[in-house]
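Understanding the architecture of this molecule
Each chain, letter by letter, is given below.
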Amino acid sequence: MKWNKFRLKTTTEAEDIVSSMLMDLGIQGVEIEDKVPLTAADKEQMFVDILPETGADDGVAYLSFYLDEEEDAGAILAEVRGGLSELSAWTDVGEGIIEESQTEDLDWMNNWKQYFHQFYVDDILIIPSWEDVKPEDSEKMVIHIDPGTAFGTGMHETTQLCIRQIRKYVTDRTRILDVGCGSGILGMLALKFGAAYSVGTDLDPCAVEATHENMQGNGICPDQYEVMIGNLINNPEIQERVGYEKYDIVAANILADVLVELTPVIVSRLKPGGIYITSGIIDDKEQTVVEAVERAGLEVLDVTYQGEWVSVTARK
């Protein structure tokens, strides 16, 4: 099935009211593109490796919506233009130009798989669930991963930096906390390295199913791990569930700006002598994170690099 895509050019000032007008006309699922800078609250919700590059805010917004081939696009567009005309009487709706294109009804949930293939992190083979292990790799540590809609395949440099540091410090008594766990890959690898227990937290509910499926696919028993949804920085319920001075290792592969806020919260989660492994840090943010770690009273042990990314490891 093919869909007709319509991309409406408006202003950032009017994007909310224009979106509301489109919804009132029965149009579902409006996509918004703009260059409005992310707020501190936005950044707190983005437990990801790379912050989107938006460029300078130019006051322009694009609203895209889709109609299937059976719908009367001409009639709907006439209503959209009429709505824009009414709104323009009291707000700046911009040019109001509508571009039309056509798109295939792709399987967006699975189409990304064509770009994810097996790869190595040192002597570890990380392989998607739909590929087979080659005979020559049968002696390697093999990790089967299918992130689904959660973040984290292990391919990014920041994740690999964390993997190496976890392996360096893990023991058979280690309890690890992974903040922003995504697919569960760091906790899962810690358990494969011999850790005793893993706790993951994330903001995305998809992380629960993804982590359970990946743990099960790699032979990890359910009584060796748990996943919690919520923001450890400011959610008292999650803070209580995670607990205090319970962890030998805390890993946080997230944005540098979030690490600055997170680090003081992590200190009370670590056991005395516990290890704090951070990543997701672009190279020009290294000093920002080092200063935050030291300000929290932690001792910096290692600073490691891969490409333009940095990992800072510290001890309580």
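For the structure given in this document, a descriptive report is provided here. Worth saying up front: this structure is predicted, and the values here are computed from it rather than measured. (Residues numbered from 1 in each chain as written. Predicted model: local features only at pLDDT ≥ 70, side-chain atom pairs only at ≥ 80, totals over all residues. Heavy atoms only, no water.)

1. A closer look at the nonpolar core
Within soluble globular proteins, side chains that are nonpolar tend to cluster in buried spots. Core analysis: the largest hydrophobic core is formed by 31 residues, its most contacted members being Leu232, Leu262 and Tyr276. Put simply, the parts of the chain that give this core at least two residues each are strand S8 (175-179), strand S9 (197-202), helix H7 (236-242), strand S11 (247-253), helix H8 (256-267), strand S12 (270-282), helix H9 (286-295) and strand S14 (309-315). Among the elements that make up this core, the one with the highest residue count is H8 (seven residues). If we ignore the near neighbours within four places in the chain, the residues touching Leu262 are Val179, Leu232, Ile233, Ala252, Ile254 and Tyr276. Among the nonpolar cores identified, the runner-up in size contains 30 residues, and Val121, Ile163, Ala190 and Tyr225 belong to it. (Core = buried A, V, L, I, M, F, W, Y, C linked by side-chain atoms within 4.5 Å. Buried < 20%, exposed > 50% of the residue type's maximum accessible area, 1.4 Å probe, protein only. Helix = DSSP H or I, 4+ residues; strand = E, 2+ residues; numbered from the N terminus. Contact = heavy atoms within 4.5 Å.)

2. Concerning the sheet that holds strand S7 (residues 141-145)
Read from one edge to the other, the open sheet built from three strands follows the order S5-S6-S7, with strand pairing classed as mixed. Two strands close off the open sheet at either side, each with one partner strand: strand S5 (119-121) and S7. The sheet shows a mean angle of 30° between the axes of neighbouring strands, direction not considered. When S5 meets strand S6 (residues 124-128), the two strands line up antiparallel, connected through three bridges. The residue bridging Tyr120 from the neighbouring strand is Leu125, located in S6. (Pairing = 2+ DSSP bridges. Axes fitted to C-alpha atoms, helices over the stretch in contact; angles between N-to-C directions.)

3. A look at the pattern of salt bridges
Enumeration over the complete set of coordinates arrives at 13 salt bridges. A salt bridge links Glu33 to Arg7; its shortest N-O distance comes to 3.1 Å. Here the residue Glu33 occupies a position in strand S2 (residues 31-33), and Arg7 occupies one in strand S1 (residues 2-11), the gap between them amounting to 26 residues. Owing to a relative accessible area of 33%, Glu33 belongs among the partly exposed residues under this scheme. The partner of Asp58 in a salt bridge is Lys35, and the shortest N-O contact between them spans 3.9 Å. Here the residue Asp58 occupies a position in the loop between helix H2 (40-44) and strand S3 (60-68), and Lys35 occupies one in the loop between S2 and H2, the gap between them amounting to 23 residues. For Asp58, a relative accessible area of 44% puts it in the partly exposed group. (Salt bridge = Lys/Arg side-chain N within 4 Å of Asp/Glu carboxyl O.)

4. Brief notes about helix H4 (residues 157-169)
The terminal C-alpha atoms of H4 lie 19 Å apart, and with 13 residues this matches the ideal 18 Å at 1.5 Å per residue to within 8%. Those residues of H4 that fall on the buried side of the exposure criterion are Thr158, Thr159, Gln160, Leu161, Cys162, Ile163, Gln165 and Ile166. (Expected span 1.5 Å × (residues − 1).)

5. Description of the packing of aromatic side chains
Across all of its chains, the model carries one aromatic pair by this definition. When the ring of Phe6 is compared with that of Phe65, the centres are 5.5 Å apart and the planes differ by 25°; the resulting orientation is stacked. Taken together, the positions of Phe6 in strand S1 and Phe65 in strand S3 put the pair 59 residues apart, joining distant regions of the chain. Here Phe6 falls in the buried class, since its relative accessible area comes to 1%. For Phe65, a relative accessible area of 0% translates into the label buried. The aromatic ring of Tyr62 is capped on one face by Arg7, whose charged end is 3.7 Å from the ring centroid. (Phe/Tyr/Trp six-rings, centres within 6.5 Å; stacked < 30°, edge-to-face > 60°. Lys NZ or Arg CZ within 6 Å of the ring centre and 35° of its normal.)

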